2 protein chains.
Amino acid sequence: MHIILLSGGSGKRLWPLSNDIRSKQFIKIFKNEDAYESMVQRMYRQIRKVDADATVTIATGKTQVSQLRNQLGEGIGISVEPCRRDTFPAIALATAYLHDIQKVPEDEPVVVCPVDPYVEDDYFEALKKLSDLAAGKLPGTSENSAEHAHDNPSGQEAGNSSGTISGNPSAAAPANLTVMGIEPTYPSEKYGYVIPETKDPVSRVSTFREKPDVETAKRYIAQGALWNAGVFAYRIGYVLQKAHELIEFTDYDDLFARYETVQKISFDYAVAEKESSISVLRFAGQWKDMGTWNTLTEAMTEPVIGKGTLNEKCENTNIINELDIPILAMGMKNCVIAASPDGILVSDKEQSSYIKPYVDAMDEGVKFAEKSWGSFQVLDVEKSSLTILVTLLAGHQMNYHSHEHRDEVWNIISGEGTTIVDGMEQKVKAGDVITMQAGCRHTIHADTEIKLIEVQIGRNISAHDKKKYTLE
Amino acid sequence: MHIILLSGGSGKRLWPLSNDIRSKQFIKIFKNEDAYESMVQRMYRQIRKVDADATVTIATGKTQVSQLRNQLGEGIGISVEPCRRDTFPAIALATAYLHDIQKVPEDEPVVVCPVDPYVEDDYFEALKKLSDLAAGKLPGTSENSAEHAHDNPSGQEAGNSSGTISGNPSAAAPANLTVMGIEPTYPSEKYGYVIPETKDPVSRVSTFREKPDVETAKRYIAQGALWNAGVFAYRIGYVLQKAHELIEFTDYDDLFARYETVQKISFDYAVAEKESSISVLRFAGQWKDMGTWNTLTEAMTEPVIGKGTLNEKCENTNIINELDIPILAMGMKNCVIAASPDGILVSDKEQSSYIKPYVDAMDEGVKFAEKSWGSFQVLDVEKSSLTILVTLLAGHQMNYHSHEHRDEVWNIISGEGTTIVDGMEQKVKAGDVITMQAGCRHTIHADTEIKLIEVQIGRNISAHDKKKYTLE
């Protein structure tokens, strides 16, 4: 299976654990054996478990590339959007990436899904089925096949172990687009709805509906409507053709180069709403939208992550603590407490969904980040100095760079590596101190994982004061 | 007026703002003009306002000396208990300090009071009256003076502006001990009670009662009983005499030297309960015991101290944030949120009084401290390194010292001063880096206030690995 994961958003609604450069899908909050994994790590692991040969491509902006490499390694493809242009250009770009860079043929199917629902393995089984339906490998459905749906002579493909999915054996040409429809559990106003023609496991789509009010949602559900989870499959050639109809470009590199000039347009508007050949696969397994602290904490298997204590008078309260200092909660009810180097949230769970404007109003710099080469954390901010803890993963190195307006000192506190300062190479280890005047070019390569305390001294210290060089 | 402030306790009940080396009286939480002051600073300012000539002596343990000098400067006397020996030896030592070191004559009165009640200026007016009563300067009371109490021919000294205090003009010899009795506002089980003979502003004491149950407290109050606030006055010679009766010593230095061998005994047990000549001065002004977060937050004039935001759904909630990162509280009710480098407390206000066992169970080192020479804060703890921010006040210096098991690096981030490393003196300023191998002797003197990042490298880094030297 080829799968494109859409990884977007700056995730302010999960502040302080998400920030401008760390979206919610990167927060390590889900226990897997003895370690914690993020939403993106969990999803990647689940995909690999269900289909060890799946090719995974992540469509995302450039701010997430480091983080994705840090959390998922090199086994994934990344289709980087040079800027945000809504879902249709993003999907077109990722599809062109699969075709032109990964050399996937035009008739192969690809599944697109967002990176952030909280789901179990059966969801990925359903994605495989979606892929097979799009490829025509599984019998799909046709306008006149509904009457045979419950009259399956062989039993083949009529259901998986959980009984939630089945293909319809009345074969026909596959639909151009196959979407997943989530069996609704309540008349939600938060989701769009897919109205299928029949109540069969796989059915043609009659129409899509935008987010309704509760009463309308109830009516839809009575008619057999499903939630539109933004998950769909198509053959690569189909979306490439749609892309060429709407955007003038030759291939992936060309589309990448002109991406900024492409019109913003959603996939629903550009493709789905105009397409008459769409089928829908029902899915009734677990599917949770992890958009707020309220829903995210529901998925936590234990109430406390990190250093934290809840006294016996606490009820329905979660602590997620990424700081190195302990949190003590006493007598708290229905509350989430989340702490990171960016800040501390103490919120009633219901109230937590209203967080965004408060976070927007904060004028705090980013205090920590995971990068492809490791991570950094701001330890101390003074008027004319900044002290940070840098972790450089084994085998990685910084860019060769200089600063115009600040001196820097590296205090190596663990590990071994090599520094280059104004062309001079030197082996370094824990206890060594390297001083770099403003203007001096410098980098460090980690032979083993290196931790260092970097002390920056200067007026108006800024992340923008950085000039990069190529090492000869 | 001579006043002895009893400053004790490690104050775990106000964790994380109090810790083993910072007691609650040092937390800067009370707004005074544009700055925040601690309980001890507030009390000292109030004493100076009511009596500019007051001599203030603080009886305390050695762990508080640095902090007291940091917050109150050099204008106070400090009577340091070499170890804890309960209230009678502590008061005897401070009294001997006043007599032998400060040369206060035996017939002068002294007032003793705890450092931690939250009070207004009228309380200190009352202390002055207590002092005058002890000195016999004000008409006190005698066994047979009660009938004249409400029959004051001159009106002199019959009440201060707030009408809460008055001396009885029927003169008699002063009592040996004059205690303050707080007019009770509810039948508390937390306080001992003073039962006066009459309901006059100043009366002989009939008896003292230990903390009662609520029903008994109601009965006491019906009889005119007052709370025993642990505030009393006496002539210096009186307590010195009691001390010589119970402890074998010659003078202050001798008592200090043999302090460890002195029996633990409370002032109430050793003196008050055996004394027949005691009078009590009624006080009806504000008096709040600041022992828990619940009572402390009541005294805050604004709900947020430090970086913090309460959304409009919060009620009766306080944030006290000593960290440099923001706290956002949403939909919280009757809650205290307190954060320091030691940890974060999120507690229902009522529940906060049960904090002590949870703090006792924490196995965290002290992460910050104020010292006479400035302050330090731990920024990062790794397996074989510790990084701290040190602030050295202008004119101060560290001890000349060495460490056996760790190297250290000083990164000066602001200020100017002089280092001495293995006898070599050197001027230093922001941007300079000083490296010190294990065993090397070092100190730094601040010409202007200096901030530096100290990086310690070694295995088993410990505060005890420190050898002090005298500078030649």
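Residues numbered from 1 in each chain as written. Chains lettered and ligands numbered in written order. Predicted model: local features only at pLDDT ≥ 70, side-chain atom pairs only at ≥ 80, totals over all residues. Heavy atoms only, no water.

Caption draft 1: Molecular detail of the overall build of chain A. Within chain A, the regular secondary structure consists of 10 helices and 30 strands. Here the C-alpha atoms of chain A give a radius of gyration of 25 Å, agreeing with the 23 Å that 2.2 N^0.38 yields for 472 residues. Seen along its three principal axes, the alpha-carbon backbone of chain A occupies a region of about 80 × 60 × 35 Å. Here chain A, with 472 residues, has 56% of them falling under the buried criterion. Look at the contacts in chain A between residues 6 or more apart in sequence, and 67% of them connect residues 24 or more apart. On chain A, roughly 20200 Å² of surface is accessible, and the fraction owed to carbon and sulfur atoms is 46%. (Helix = DSSP H or I, 4+ residues; strand = E, 2+ residues; numbered from the N terminus. Rg over C-alpha atoms; globule rule 2.2 N^0.38 Å. Buried < 20%, exposed > 50% of the residue type's maximum accessible area, 1.4 Å probe, protein only. Contact = heavy atoms within 4.5 Å. Areas by Shrake-Rupley, 256 points an atom, 1.4 Å probe, with all protein chains shown as cover.)

Caption draft 2: Up close: the relation of the copies chain A and chain B. With an RMSD of 0.1 Å, the operation that places chain A on chain B is a rotation of 180° combined with a shift of 0.0 Å along the axis. Both chain copies can therefore be described as sitting about a two-fold axis. Among all C-alpha atoms of chain A, that of Leu 379 of chain A lies closest to the rotation axis, at 3.0 Å. (Least-squares fit on C-alpha atoms with pLDDT ≥ 70 in both.)

Caption draft 3: Representation of the side chain of Ser 385 of chain B in the model. Tracing the chain through its elements places Ser 385 of chain B in strand β22 (residues 385-392). With relative accessibility at 2%, the residue Ser 385 of chain B sits in the buried group. Look past the residues within four positions of Ser 385 of chain B in its chain and what remains in contact with it is Ile 413 of chain A together with Asp 380, Gln 456, Ile 457, Gly 458 and Ile 461 of chain B.

Caption draft 4: Local environment of the sheet that holds strand β21 (residues 374-382) of chain A. Residue and element names in this part refer to chain A. Across the sheet, six strands lie side by side as β20-β21-β22-β29-β24-β27; this open sheet has antiparallel pairing. In this open sheet, the two strands that pair with only one neighbour each are β20 (368-371) and β27 (433-436). Ignoring which end each strand starts from, the neighbouring axes of this sheet average 20° apart. By the bridge criterion, seven bridges tie strand β24 (residues 407-414) to strand β29 (residues 450-457) in an arrangement that is antiparallel. Bridged to Ser 414 within β29 is Lys 451. (Pairing = 2+ DSSP bridges. Axes fitted to C-alpha atoms, helices over the stretch in contact; angles between N-to-C directions.)

Caption draft 5: Spatial organisation of the interface of chain A and chain B. Counting from both sides, the interface comprises 53 residues of chain A and, opposite them, 53 residues of chain B. Around 4100 Å² of area is buried between chain A and chain B when both sides are counted, 67% of it from carbon and sulfur atoms. Taken together, chain A and chain B are joined by two salt bridges. Across the contact surface, chain A and chain B share 17 residue pairs in polar contact (both at pLDDT 80 or more). (Buried area = accessible area lost by both parts, 1.4 Å probe. Salt bridge = Lys/Arg side-chain N within 4 Å of Asp/Glu carboxyl O. Polar contact = N/O pair within 3.5 Å; in protein donor to acceptor, adjacent residues only side chain to side chain.)

Caption draft 6: Highlighting the sheet that holds strand β20 (residues 368-371) of chain B. All names here are of chain B. The antiparallel open sheet is built from six strands, whose spatial order is β20-β21-β22-β29-β24-β27. Strands with a single pairing partner mark the edges of an open sheet, and in this sheet they are β20 and β27 (433-436). Here the strands of the sheet are splayed against their neighbours by 20° on average, with no regard to which way each runs. Helix-sheet contacts for helix α2 (residues 65-72) involve β20 and β21 (374-382), and the interaxial angle to β20 is about 65°.

Caption draft 7: Structural detail: the confidence of the model for chain A. Residue and element names in this part refer to chain A. For chain A, the average pLDDT comes to 88, and 92% of its residues sit at 70 or higher. Considering only residues more than four positions removed or in separate chains, one finds that residues 143-171, a stretch of pLDDT under 50, has 45 contacts. Interface confidence in the predicted complex, given as ipTM, is 0.77; pTM for the same model is 0.77. (pLDDT = per-residue confidence, 0-100.)

Caption draft 8: Structural view of the pattern of salt bridges. Residue and element names in this part refer to chain B. With the rule as written, the count across this model stands at 33 salt bridges over all chains. With a closest N to O distance of 3.2 Å, Lys 24 and Asp 116 form a salt bridge. Here Lys 24 is found in the loop between β1 (2-7) and β2 (30-32), whereas its partner Asp 116 is found in the loop between β6 (109-114) and β7 (117-119), with 92 residues between them in sequence. The burial state of Lys 24 is the same as that of Asp 116; both residues are buried. Between Lys 427 and Asp 447 there is a salt bridge, with its nearest N and O atoms 3.3 Å apart. Placement of Lys 427 in strand β26 (residues 424-429) and of Asp 447 in the loop between β28 (442-446) and β29 (450-457) is noted, with a sequence separation of 20 residues between them. Using a relative accessible area of 62% as the deciding quantity, one classes Lys 427 as exposed. A relative accessible area of 36% places Asp 447 in the partly exposed class.

Caption draft 9: Seen up close, the packing of helix α1 (residues 39-50) of chain B against α2 of chain B. Residues and elements named next belong to chain B. Between α1 and α2, the shortest axis-to-axis distance is 10 Å and the interhelical angle comes to 50°. Taken as axis vectors, α1 and α2 run oblique relative to one another. Seen from above, α1 lies across α2 with right-handed handedness. Along its contact with α1, which presents Val 40, Gln 41 and Tyr 44, the element α2 presents Leu 68, Gln 71 and Leu 72. (Parallel < 35°, antiparallel > 145°, perpendicular 65-115°, else oblique. Left-handed = near helix turned anticlockwise from the far one by under 90°.)

Caption draft 10: Expanded view of unusual backbone geometry. All names here are of chain A. Following Trp 15, the chain continues into Pro 16 via a peptide bond in cis, with omega recorded as 5°. Mapped onto the elements of the fold, Pro 16 is located in the loop between β1 (2-7) and β2 (30-32). In the Ramachandran plot, Lys 103 falls in the positive-phi region, its phi being about 60° despite a non-glycine side chain.

Caption draft 11: Representation of the environment of His 2 of chain A. Residues and elements named next belong to chain A. Along the chain, His 2 turns up in strand β1. Each C-alpha atom, one on His 2 and one on Val 104, is 8.9 Å from the other, the two residues being 102 residues apart in sequence. Apart from residues no more than four positions distant in its own chain, His 2 is found in contact with Thr 55, Leu 98, Val 104, Glu 108, Pro 109, Val 110 and Val 111. Separated by 2.5 Å, the side chains of His 2 and Glu 108 make a polar contact.

Caption draft 12: Looking closely at the packing of aromatic side chains. Under the defined criterion, the tally for this structure stands at 30 aromatic pairs over all chains. Seen from their ring centres, Phe 30 of chain B and Tyr 118 of chain B are 5.0 Å apart, and the 35° between their planes marks the pair as tilted. Remark: Tyr 118 of chain B occurs in strand β7 and Phe 30 of chain B occurs in strand β2; sequence separation between them is 88 residues. Residues Phe 30 of chain B and Tyr 118 of chain B agree in their burial class; the two are buried. An aromatic cluster of three or more residues is present, and its members are Phe 88, Phe 232, Tyr 234 and Phe 267 of chain A. Above the plane of the ring of Tyr 469 of chain B lies Arg 441 of chain B, whose end atom (NZ or CZ) is 3.9 Å from the centre. (Phe/Tyr/Trp six-rings, centres within 6.5 Å; stacked < 30°, edge-to-face > 60°. Lys NZ or Arg CZ within 6 Å of the ring centre and 35° of its normal.)

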